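As a plain string of letters, each chain reads:
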Protein chains: 2
Amino acid sequence: MSLMLPSSGDDASEQADQSALLDLAGYNIRRAYLVIQALFDQEMEKHDLRQAEFSVLSIVRGNPGINQRALADALAVAPPNLATLLDRLEARGLVARQRSTEDKRVQHVELTTQGVRLYSRALKAAGTADAQALQHLSEAEREQLKTLLRKIFVE
Amino acid sequence: MSLMLPSSGDDASEQADQSALLDLAGYNIRRAYLVIQALFDQEMEKHDLRQAEFSVLSIVRGNPGINQRALADALAVAPPNLATLLDRLEARGLVARQRSTEDKRVQHVELTTQGVRLYSRALKAAGTADAQALQHLSEAEREQLKTLLRKIFVE
DNA sequence: TATTGTTATACTCTATAACTATA
DNA sequence: TATAGTTATAGAGTATAACAATA
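Description of the structure in this document. (Residues numbered from 1 in each chain as written. Chains lettered and ligands numbered in written order. Predicted model: local features only at pLDDT ≥ 70, side-chain atom pairs only at ≥ 80, totals over all residues. Heavy atoms only, no water.)

## Examining the overall build of chain A
Next up, step 1: Secondary structure summary: chain A contains seven helices and three strands in total.
Next up, step 2: Element order for chain A, N to C, with α for helix and β for strand: α-α-α-β-α-α-β-β-α-α.
Next up, step 3: Its C-alpha atoms give chain A a radius of gyration of 21 Å, clearly above 15 Å, the size a compact globule of 155 residues would have.
Next up, step 4: With the C-alpha coordinates of chain A rotated into their principal frame, the extents come out at 70 × 35 × 30 Å.
Next up, step 5: By residue count, 46% of the 155 residues in chain A fall in the buried class. (Helix = DSSP H or I, 4+ residues; strand = E, 2+ residues; numbered from the N terminus. Rg over C-alpha atoms; globule rule 2.2 N^0.38 Å. Buried < 20%, exposed > 50% of the residue type's maximum accessible area, 1.4 Å probe, protein only.)

## Topic: the packing of aromatic side chains
Next up, step 1: Enumeration over the complete set of coordinates arrives at five aromatic pairs over all chains.
Next up, step 2: On the numbers, 5.7 Å between centres and 35° between planes, the contact of F54(B) with Y119(B) is tilted. Linking F54(B) in helix α3 (residues 51–62) with Y119(B) in helix α6 (residues 113–133), this pair joins segments that are 65 residues apart in sequence. One exposure class covers both F54(B) and Y119(B), and it is buried.
Next up, step 3: A network of ring pairs unites the aromatic residues F40(A), F54(A) and Y119(A) as a single cluster. (Phe/Tyr/Trp six-rings, centres within 6.5 Å; stacked < 30°, edge-to-face > 60°.)

## Regarding the relation of the copies chain A and chain B
Next up, step 1: Under the fitted operation, chain A is carried onto chain B by 0.0 Å of movement along the axis and a turn of 180°, and the coordinates agree to an RMSD of 0.1 Å. What the rotation and shift describe, once combined, is the action of a two-fold rotation axis.
Next up, step 2: In this assembly, 100% of the residues forming the interface of chain A have copies in chain B that are likewise at the interface, indicating an isologous arrangement. (Least-squares fit on C-alpha atoms with pLDDT ≥ 70 in both. Contact = heavy atoms within 4.5 Å.)

## Some points on helix α5 (residues 79–91) of chain A
An α-helix turns once every 3.6 residues. As a result, residues three or four positions apart point the same way.
Residue and element names in this part refer to chain A.
Next up, step 1: Helix length check: α5 (13 residues) gives 18 Å between terminal C-alpha atoms against 18 Å at 1.5 Å per residue, within 8%.
Next up, step 2: Elements in contact with the buried residues of α5: α3 (51–62), α4 (68–75), β2 (95–99) and β3 (107–111).
Next up, step 3: Positioned one or two residues after α5, G93 has a phi angle of 75°, which is positive. (Expected span 1.5 Å × (residues − 1).)

## Re the interface of chain A and chain B
Next up, step 1: Taken together, the contact pairs 56 residues of chain A with 56 residues of chain B.
Next up, step 2: Together, the buried faces of chain A and chain B total about 5600 Å²; carbon and sulfur atoms form 62% of this surface.
Next up, step 3: Contact with chain B buries area across many residues of chain A, yet Y33(A), I152(A) and F153(A) alone supply 12% of it, more than any other trio.
Next up, step 4: In this assembly, chain A and chain B are joined by two salt bridges.
Next up, step 5: Viewed at the interface, chain B and chain A are joined by 19 residue pairs in polar contact (both at pLDDT 80 or more).
Next up, step 6: Residue assignment for the side of chain A that touches chain B shows that the elements contributing at least two residues are α1 (19–22), α2 (25–45), α3, β1 (66–67), α6 (113–133) and α7 (139–153) of chain A.
Next up, step 7: The leading source of residues in the side of chain A that touches chain B is α2(A), at 11 residues.
Next up, step 8: Each residue belonging to the side of chain A that touches chain B can be placed in one class, and the counts come to 29 nonpolar, 16 polar and 11 charged. (Buried area = accessible area lost by both parts, 1.4 Å probe. Salt bridge = Lys/Arg side-chain N within 4 Å of Asp/Glu carboxyl O. Polar contact = N/O pair within 3.5 Å; in protein donor to acceptor, adjacent residues only side chain to side chain. Nonpolar A, V, L, I, M, F, W, Y, C, P; charged D, E, K, R; others polar.)

Here you go:
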C-alpha cells in the first residue's frame, strides 16, 4: 500500500511503512504492551492504583508476611523504590509493615482488611483490561499467547 | 512448590507465588517485554543507539523524505520529543532535515549515507537480540507469537 | 563484614504548555 | 484560525551511592 512511495512523504494522511520493525518480535511485543498498559492504567485509575502498586498488592496477597527483600525480588523492583511504594500504600491503609522479632532488620508485609478488599476489586478491573486487550483472540489463542510469552521470560 | 506457604515468608531463598499475576496476559507481556528490551538495549549499546533512535532510523529508512508529523505518528512519540531525538541524530550525522519548499512549515527527514550504514548494522544487532529472546521458540512458534500480538495492537 | 531497609539523588521517558513561523 | 515544529519544563519510572540498624 505504501510501497514505492515517491521520495516525497508529504501526505500526512499516508501511513508510514513499518514493515522492517514489524518483522522484529521485540517491536510487536512493545506495541502490544503499550496497548494493554493503556487499558490497564485506565481501569486501575478507578482504584487510584499504579501498575507497580497493583503488583505489590497481588504478591503480598498471595504471600502474606513476605519480607521486603523477597518482595523486591519478585517484582524486579529496586529496594529503594519498593520502600517509597510501600510508604504510599501504607499511608493509604492498604498494607502494614511489621518488624520481625527474630531478625530485627527484616520487615514483614501484609494486606490490611481494606487492602484485601481493594485488591479484590482491582483484580477484577485487571481482568477487564485483559479481556479488552484480547477481544480479538479466542480462548485457545489467549492460552497459547501466555505459553509463548513465558518461554521468553522463564529461564 | 511455594503453595501453602506458612504465613511467615521469611526464607529469602524461597520464591514468591506469582500465580495471580501470571494469569493476566498483561503481566506476561510486560515480563517478556522487559527481557527482550534488556537484550535489545545490550545490542544497541554497541552502536550507541537507544530504542527510540533505532525506530526513527528504521521508519526513515523505509520512508525517505517523511515529514516529522508523520514520523511522530508512526512512532507514537510526542512531537517535542521527536525534535530532541532528531537533534541528536542530526548532530551525529545520521539523519538530515530539509525544509520543504512547498510548505515552509514542514521538514523532510532522510538518512545520510552514514545513517544508512549504521542502520544496516543496527538492524542485524536487533535481529540478534530477537533471536536470543526467542531461543526457546520454534520458527512456527515465533511466527504465531507475532500473529497473536498483532491481534492486540492492530485495530 | 554482610544484609535489610532507608534517604537522597540522578537519569531517562514521557507529557504538556507556550512559543515561532508559516499557512 | 489552524498546523509544523521548537523550547522549556514537569512528572513518572528506574537506578545508584551512602547511610543506619542489625546480624
